[in-house]
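Each chain is listed here by its residues.
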Amino acid sequence: MTEPQIGSIQLDRTVESILVGTRHRADLGDIDTLAASIERDGLLQPLTITIGGVLVCGARRLAAIKKLGWRTVNVWVRSGLSDRLGQLLAEQDDNMLHKPYTQLEAAGLYREIKQVMAEDAARRKSATQFSSENQPGNDGPAKFAGPSSALGDAREQAAAMIPGGASHTTLEKIGYLEDIANNPVQPETLRAEAVAGLERIEAGDPVHPIYQAIRDADTAARERREAELHARAEAA
């Protein structure tokens, strides 16, 4: 029997009513083996969903029970996971026959966690600034605490939430390559090189040499553009 989760209730739910949103793991791996395990031993760990029925933990298990033709499944309904950050953190906790994230999957999840953490921090800061306890004249500047963490700390925290052990530096480098590849302002040749580099990373090549090569090419392209603009300005 599984231990109850905080802020949750356990019940049966129809499989078709469970909603699967955007997941950072595109490849769910060997579902046949997992399905065989569930068919033999039963579902040892229920799925986790929000009150609205959105899946937050158990994408591989859901795929396996669909393959087995189940109509209902045991789930935990978590009242505290309606926000996007909670869903992101719950997604990475799904470890039954766990399939590690690829470098690009990890970078995508890292980018989103960082963004949501920044949005949450901004909301907390706004709520603190405009609360009744933090009005001008109440107790002076001591009431206004500084940011809870620096940017570097936020990056480290976001990276630490992702299984696999990649550093925030490596994930930032992958993000840089993705930005170059998706930026229509960049030269087509540079964008194509970035795309090819991401494909090599996905295939297992180390990140830093690819990042450095694209970074150098980006710097050279930028210097050429600046030189051309300078020459045009002098000729005008």
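Here's the deal with the pairing of strand S2 (residues 47-50)
Then step 1. By the alternation rule, side chains of S2 split into Leu47 and Ile49 and Thr48 and Thr50, which are all buried.
Then step 2. One ladder, built from four bridges, connects S2 with strand S4 (residues 72-78); its direction is parallel. Counted as the bridge partner of isoleucine 49 is valine 77 from S4.
Then step 3. Pairing analysis gives two bridges linking S2 to strand S3 (residues 55-57), with the strands arranged antiparallel. Within the sheet, the bridge partner assigned to threonine 48 lies in S3 and is cysteine 57.
Then step 4. Linkage of S2 to S3, two consecutive antiparallel strands, is achieved through a turn of four residues, within which glycine 53 is found at a positive phi near 90 degrees.

As for the nonpolar core
Then step 1. If you look at the biggest cluster of nonpolar residues, it comprises 24 residues, and the most contacted ones within it are Ile162, Leu171 and Leu177.
Then step 2. For this core, the secondary structure elements donating two or more residues are helix H4 (103-129), helix H5 (151-160), helix H6 (168-182), helix H7 (188-202) and helix H8 (207-235).
Then step 3. Leaving out residues up to four positions away in the same chain, isoleucine 162 has contacts with Tyr101, Ala106, Leu109, Tyr110, Ile113 and Leu171.

What to know about helix H2 (residues 59-67)
The α-helix advances 3.6 residues per turn, and as a result positions three or four apart in sequence lie on the same side.
Then step 1. Of all the positions in H2, only Ala59, Arg60, Arg61, Leu62, Ala64 and Ile65 are classed as buried.
Then step 2. Tucked into the core, H2 has its buried residues touching helix H1 (31-41), S2, S3 and S4.
Then step 3. Where H2 terminates, the next one or two residues include glycine 69, which has phi positive at roughly 80 degrees.

Examining the confidence of the model for the chain
Then step 1. Scored by pLDDT, the chain comes out at a mean of 78, with 72% of its residues at no less than 70.
Then step 2. When the elements of the chain are averaged for pLDDT, helix H3 (residues 84-91) gives the smallest value, 60, and H7 the largest, 95.

Points about the side chain of lysine 173
Then step 1. Mapped onto the elements, lysine 173 comes out in helix H6.
Then step 2. Buried and unpaired, lysine 173 has no salt bridge, with glutamate 172 as the nearest side chain of opposite charge at 11 Å.
Then step 3. Leaving out residues up to four positions away in the same chain, lysine 173 has contacts with Val207, His208 and Tyr211.

A short note on H1
Then step 1. Within H1, burial applies to Ile31, Leu34, Ala35 and Ile38. Each buried residue of H1 sits inside an arc of 100 degrees when the element is viewed along its axis, so together they form one side.
Then step 2. Buried residues along H1 sit against H2.
Then step 3. Capping the start of H1, aspartate 30 holds a side-chain oxygen 3.3 Å from the backbone nitrogen of aspartate 32, two or three residues further along.
Then step 4. Glycine 42 lies just past H1 and shows a positive phi near 85 degrees.

Describing the packing of H6 against H8
Then step 1. Relative to each other, H6 and H8 sit at 45 degrees, their axes nearing to 10 Å. Compared by their axis directions, H6 and H8 come out oblique. Relative to H8, the crossing made by H6 is left-handed. Residues Thr170, Lys173, Ile174, Tyr176, Leu177 and Ile180 of H6 lie in contact with H8, whose contacting residues are Val207, His208, Ile210, Tyr211, Ile214, Arg215 and Asp218.
Then step 2. Its residues assigned to classes, the contact of H6 with H8 shows eight nonpolar, two polar and three charged.

Regarding the pattern of salt bridges
Then step 1. In total, this model carries nine salt bridges according to the counting rule given.
Then step 2. Between aspartate 32 and lysine 67 there is a salt bridge, and its shortest N-O distance comes to 3.2 Å. Placement of the pair is aspartate 32 in helix H1 and lysine 67 in helix H2, with a sequence separation of 35 residues.
Then step 3. Aspartate 32 gets classed as partly exposed once you look at its relative accessible area, which sits at 48%.
Then step 4. Across the pair aspartate 205 and arginine 200 runs a salt bridge whose closest N-O atoms are separated by 3.2 Å.

Notes on the packing of aromatic side chains
Then step 1. Taken as a whole and assessed by the stated rule, the structure comprises one aromatic pair.
Then step 2. The side chain of arginine 215 reaches across the aromatic face of tyrosine 176, ending 4.8 Å from its centre.

Cut-off values and rules
All residue numbers here refer to positions counted from 1 along the written sequence of the relevant chain. For a predicted model such as this one, the threshold for reporting local features is a pLDDT of at least 70, and the threshold for listing and counting side-chain atom pairs is 80 or more; totals across whole chains, interfaces and linings nevertheless cover every residue. No hydrogens and no water enter the side-chain calculation; it runs on all heavy atoms of the structure. Summary of the burial criterion: residues with accessible area below 20% of their type's maximum are buried, those above 50% are exposed, and those between are partly exposed, where the area comes from a 1.4 Å probe applied to protein chains only. Helix and strand definitions here come from DSSP, where helices need a minimum of 4 consecutive H or I residues and strands a minimum of 2 consecutive E residues; each element is numbered from the N-terminal end. Here the rule is simple: two strands pair whenever DSSP picks up at least two bridges between them. Here, nonpolar core refers to any group of buried Ala, Val, Leu, Ile, Met, Phe, Trp, Tyr and Cys residues whose side-chain atoms link them within 4.5 Å. Only heavy atoms enter the contact rule, under which two residues are in contact if any of them lie within 4.5 Å. Across the chain, each position has a pLDDT score giving the predictor's confidence in that residue, from 0 to 100. Residues scored as positive are Lys and Arg, those scored as negative are Asp and Glu, and His as well as the terminal groups of each chain are ignored. A pair is scored as a salt bridge if a Lys or Arg side-chain nitrogen falls within 4 Å of a carboxyl oxygen belonging to Asp or Glu. The arc in question is formed by the directions pointing from the helix axis toward the C-beta atoms. For the purposes of these results, a polar contact is taken to be a pair of N or O atoms within 3.5 Å, where, inside protein, one atom must be able to donate a hydrogen and its partner to accept one; residues adjacent in sequence count only when each atom of the pair is a side-chain atom. Fitting a line to C-alpha atoms yields each axis, with helices limited to the stretch in contact; the angle taken between N-to-C directions then spans 0 to 180 degrees. In this scheme, roughly parallel covers angles under 35 degrees and roughly antiparallel covers those over 145, while 65 to 115 is roughly perpendicular and the rest are oblique. By definition, turning the near helix anticlockwise from the far helix through less than a right angle yields a left-handed crossing, and turning it clockwise yields a right-handed one. Any residue outside Ala, Val, Leu, Ile, Met, Phe, Trp, Tyr, Cys, Pro, Asp, Glu, Lys and Arg is labelled polar, Gly included; the first ten of those are nonpolar and the last four are charged. Centre distance within 6.5 Å is the pairing criterion for rings of Phe, Tyr and Trp, where only the six-membered ring of Trp is used; planes under 30 degrees apart are then read as stacked, over 60 as edge-to-face, and the remainder as tilted. Criterion for a charge above a ring: Arg CZ or Lys NZ at most 6 Å from the ring centre, at most 35 degrees from the ring normal.

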